[in-house]
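Survey of secondary and tertiary structure
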Amino acid sequence: MTNYEISKTISKTVNPVGTITKLSVSVLVADRVKVDKDGKPVSTTPRTEEELKSIENMIARAIGLTPERGDMINVLSMPFVETDKAIIEENALGTHPLYEYLPFIKYGLVSLGILFLYFLLIRPVIKTMKGEVKEHYKTVEQLEQEQRQALENKEEEEIILPPVDDAITTLRREVLQNHVPTAFIVKNWIQEG
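This write-up is about the structure you can find in this document. In this text, all values refer to a predicted model and were calculated from it rather than measured experimentally.

What follows deals with the pattern of salt bridges. For side chains of opposite charge, pairing can occur when their charged atoms come near one another. With the rule as written, the count across this model stands at four salt bridges. The salt bridge partner of lysine 53 is glutamate 56, with a shortest N-O separation of 3.8 Å. With lysine 53 and glutamate 56 both in helix α1 (residues 49-63), this residue pair falls three residues apart, about one helical turn. The partly exposed category is assigned to lysine 53, whose relative accessible area is 46%. Note on glutamate 56: relative accessible area 21%, which makes it partly exposed. One salt bridge in this structure joins aspartate 71 and arginine 69, with 2.6 Å as the shortest N-O distance. Judged by relative accessible area, which is 32%, arginine 69 ranks as partly exposed.

Counting nine residues, the largest nonpolar core consists of Val25, Val29, Leu52, Ile55, Ile59, Ala60, Leu65, Ile73 and Val75. Counting only elements with at least two residues in this core, the list comes to β1 (24-30), α1 and β4 (72-78). Element by element, the count of residues in this core is highest for α1, at four residues. Leave out the neighbours within four places in its chain, and isoleucine 73 touches Val25, Glu56, Ile59, Ala60 and Leu65.

Thresholds applied
Residues numbered from 1 in each chain as written. Predicted model: local features only at pLDDT ≥ 70, side-chain atom pairs only at ≥ 80, totals over all residues. Heavy atoms only, no water. Salt bridge = Lys/Arg side-chain N within 4 Å of Asp/Glu carboxyl O. Helix = DSSP H or I, 4+ residues; strand = E, 2+ residues; numbered from the N terminus. Buried < 20%, exposed > 50% of the residue type's maximum accessible area, 1.4 Å probe, protein only. Core = buried A, V, L, I, M, F, W, Y, C linked by side-chain atoms within 4.5 Å. Contact = heavy atoms within 4.5 Å.

Structure representation (structure tokens):
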């Protein structure tokens, strides 16, 4: 039996989803720190070129750096710890005398705000509440009795009462000027009735 089919070869290539086109790596290495006998940093000295080159080679091997692909590496040496001299210079340049008093200024402004709040809002409310309580300690019966006594005294003195229209006008004026006692009188009448 002879098979006359055309032979064919199928190949399937699967590429990874993400590929690295080139690497760029920067490394920052701490300078050497000289320490005094108390353990405080005194000064720093930068690393030598040989040390930086050996660190660069070590990192290049660790990450698989290939220069043909265009990969680059940069190793720098800088101080990580501030010495006392650097701290003193920074503090001398960066501080202003006003910053020392800033917490006191903040507390002063807060206390001024509280005083304004007290004198503008709380104190007037307390005064009006005390004033209302002092003015209205009499009951309706006591007020009526005082009015009767006043009328009897006026009758005894034979004072001529103003006409009815003038009395009503005077009463209205007094009610409009000081409406708080009138409100309490009406309130007590309602409670008694």
